[in-house]
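# Descriptive analysis of the structure
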Amino acid sequence: MRLIVAGVEKEYADGLSLTRLIELEKVATPQYVTVSLNDAFVESGAFPDTFPRDGDSVEFLYFMGGGR
Amino acid sequence: MAFAHEQLERYSRHIILKEVGVRGQRKLLESRVLVVGAGGLGSPAALYLAAAGVGTIGIVDADVVDLSNLQRQILHSTPDVGRAKVESARETLEALNPEVTVQVSRLRLSADNILDRIRDYDFILDGTDNFPAKFLINDACVIARKPFSHAGIIRFQGQMMTYVPGRGPCYRCVFENPPPPDAVPTCSQAGIIGAMGGVIGSLQAMEAVKYLLGIGSLLTGSLLTYDALKAAFRKIPLPARKNCAVCGERPSISAPFDYAQDACVLP
Ligand SMILES: [Zn+2]
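Below you will find a few notes about this structure. In this text the structure is predicted, and so the values were computed from the model without any measurement.

Another aspect to go through is the packing of aromatic side chains. Enumeration according to the criterion identifies nine aromatic pairs over all chains in this entry. Both rings, one in Y171(B) and one in F175(B), keep their centres 5.3 Å apart while their planes meet at 55 degrees; by these two values the pair is tilted. Residue Y171(B) and its partner F175(B) are both found in helix α8 (residues 171-175); the two are separated by four residues, about one turn of the helix. A residue is classified by how much of its surface remains accessible, and Y171(B), at 1% relative accessible area, is buried. These aromatic residues form a ring-pair network of at least three members: F63(A), F131(B), F135(B), Y171(B), F175(B), F257(B) and Y259(B). Geometry around F3(B) places R26(B) over its ring, the cationic atom sitting 5.2 Å from the centre. Between the NZ or CZ atom of R32(B) and the centre of the ring of Y121(B), over which it lies, the distance is 5.2 Å.

In structure tokens:
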């Protein structure tokens, strides 16, 4: 299936969970990433049971703390 | 009120813009913006706001200028090392534009004082360096119905979003709660390329100016990210969270509160 992950369209295995996608994409600090799937936030507890489908769009949102 | 000749000249490049004009410039002169943190983000932001003739600029910062700040915090110069950042900031901004009133508060914002500090301002700009402060500013602005610009920068990356009451998600919609101290790196631990504050802080000033003028579209409902090494900007749509603890349908947060400070921001 094709997914658009962080704006880039790529081929992924069917039946991939968000948890597995986070591993595959080598997300830094995976326990603190916010994920949106087709413009809706996914609760982190639901990552293992959320399976993006062909054509879906996934965004990772990261904490960024600095500023001074 | 008619513009004096000197004002017409100072702001001439604004006034010839059809989106600004004399009316817009007058709006800026009557506007009040609070900059929290006179550091990497707050420095360029405050400089551009002062240059633009934003009539009243508030600066909040508790710290003194450190030599390691000067690689990016361009409000301050070498002779300012050891001085209160708010004093150094005041001097720089008044020299740039004597017409601007600079109101400084040498303190750290907390649940006890934040609502008083933000009350008199039209727009708030978050230039802080830690998550407790970022959540505090978000909650206070949502509760007091104040628009604000959020930003964070680290290493070669920066990101920002704008909150306007009733127009899309707040910072807590996106991130819910601060990460535990030291779970994600901050500037002092991870480093920051100096010009990043210039890029993102200037964009924060741009958001403030557009909001004050009522022109264009803002970064409400989207997160702008900048990766300097890839030379790439992205604008990521942000949904609102219906169950957001502060701006959601049944909010559980009705007053600002303090999280424990990150260990790394203590002197
Ligand atoms: Zn919210």
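A word on the nonpolar core. If you look at the biggest cluster of nonpolar residues, it comprises 33 residues, and the most contacted ones within it are L61(A), I124(B), I137(B) and Y171(B). Secondary structure elements with two or more residues in this core: β1 (32-36), α6 (114-118), α7 (131-144), β6 (157-163) and α8 of chain B. With seven residues, the top contributor of residues to this core is α7(B). Residues V20(B), A45(B), V100(B) and L212(B) belong to the second largest nonpolar core, which totals 27 residues.

A separate point is the sheet that holds strand β8 (residues 232-237) of chain B. Residue and element names in this part refer to chain B. A sheet is described by the order of its strands in space; here eight strands give the open sequence β3-β2-β1-β4-β5-β6-β7-β8, paired in mixed fashion. At either margin of the open sheet sits one strand with a lone partner, and together these are β3 (101-105) and β8. Between one strand axis and the next, the sheet turns through 15 degrees on average, direction left out of account. One ladder, built from four bridges, connects β6 with strand β7 (residues 222-227); its direction is antiparallel. Pairing of Q159 across the sheet is with T225, part of β7. Relative to strand β5 (residues 148-154), α7 is tilted by about 170 degrees, and along the sheet it contacts β1, β4 (123-126), β5 and β6.

Attention now moves to the packing of helix α3 (residues 21-29) of chain B against helix α10 (residues 194-213) of chain B. For any two helices packed against each other, the geometry is given by the interaxial angle and the distance between the axes. Residue and element names in this part refer to chain B. Interaxial distance between α3 and α10 falls to 9 Å at its minimum, and their mutual angle equals 115 degrees. It follows that α3 is roughly perpendicular to α10 by the angle criterion. The handedness of the crossing between α3 and α10 comes out as right-handed. Here G24, K27 and L28 of α3 lie close against α10, whose contacting residues are V209, L212 and L213. Residues of the contact of α3 with α10, tallied by class, amount to four nonpolar, one polar and one charged.

Many authors give the size of an interface as the accessible area that is lost as the parts come together. Counting from both sides, the interface comprises 18 residues of chain A and, opposite them, 43 residues of chain B. Note on chain A versus chain B: buried area summed over both sides is about 2,500 Å², and carbon and sulfur give 59% of it. Considering only the side of chain A, the residues that lose the most area to chain B are F63(A), M64(A) and R68(A), jointly responsible for 39% of the buried surface there. At the junction of chain A with chain B, the criterion picks out two salt bridges. There are five residue pairs in polar contact (both at pLDDT 80 or more) connecting chain A and chain B.

Within a beta sheet, neighbouring strands are joined by backbone hydrogen bonds and run either parallel or antiparallel to one another. Residues and elements named next belong to chain A. What the five strands build is an open sheet, ordered β2-β1-β5-β3-β4; its pairing is mixed. At either margin of the open sheet sits one strand with a lone partner, and together these are β2 (8-11) and β4 (41-42). Note: strand β3 (residues 34-37) against strand β5 (residues 57-61), four bridges, orientation antiparallel. Looking across to β5, one finds that T34 is bridged to L61.

Residues and elements named next belong to chain B. For the zinc ion, the full set of protein donor atoms is C170 (SG), C173 (SG), C244 (SG) and C247 (SG), and the range of their distances to it is 2.2 to 2.3 Å. Each of the four donor atoms bound to the zinc ion contributes to angles spanning 92 to 122 degrees, and the resulting shape is tetrahedral. Mapped onto the sequence, the donors of the zinc ion take the spacing C-x2-C-x70-C-x2-C. Separated by 77 residues along the polypeptide, C170 in the loop between β6 and α8 and C247 in the segment after β8 bring together distant segments of the chain. Its relative accessible area of 28% is what places C247 among the partly exposed residues.

In this section: the side chain of T225(B). Within the element layout of this structure, T225(B) appears in strand β7. In this structure, T225(B) is in contact with G158(B), Q159(B), A232(B), F233(B), R234(B) and I236(B), ignoring residues within four places of it in sequence.

This part covers unusual backbone geometry. Most peptide bonds are trans, and most residues other than glycine sit at a negative phi. All names here are of chain A. Despite not being glycine, K26 has its phi angle at roughly 50 degrees, a positive value. Position of K26 among the secondary structure elements: in the loop between α1 (18-24) and β3. Given the relative accessible area of 71%, K26 is considered exposed.

What counts, and at which threshold
Residues numbered from 1 in each chain as written. Chains lettered and ligands numbered in written order. Predicted model: local features only at pLDDT ≥ 70, side-chain atom pairs only at ≥ 80, totals over all residues. Heavy atoms only, no water. Phe/Tyr/Trp six-rings, centres within 6.5 Å; stacked < 30°, edge-to-face > 60°. Helix = DSSP H or I, 4+ residues; strand = E, 2+ residues; numbered from the N terminus. Buried < 20%, exposed > 50% of the residue type's maximum accessible area, 1.4 Å probe, protein only. Lys NZ or Arg CZ within 6 Å of the ring centre and 35° of its normal. Core = buried A, V, L, I, M, F, W, Y, C linked by side-chain atoms within 4.5 Å. Pairing = 2+ DSSP bridges. Axes fitted to C-alpha atoms, helices over the stretch in contact; angles between N-to-C directions. Contact = heavy atoms within 4.5 Å. Parallel < 35°, antiparallel > 145°, perpendicular 65-115°, else oblique. Left-handed = near helix turned anticlockwise from the far one by under 90°. Nonpolar A, V, L, I, M, F, W, Y, C, P; charged D, E, K, R; others polar. Buried area = accessible area lost by both parts, 1.4 Å probe. Salt bridge = Lys/Arg side-chain N within 4 Å of Asp/Glu carboxyl O. Polar contact = N/O pair within 3.5 Å; in protein donor to acceptor, adjacent residues only side chain to side chain. Donors = N, O, S within 2.8 Å, 3.2 Å for Na, K, Ca; no water. Tetrahedral: all angles 85-135°; square planar, octahedral: opposite > 155°, others 65-115°.

Don't take any of this as a statement about function, it's just geometry.
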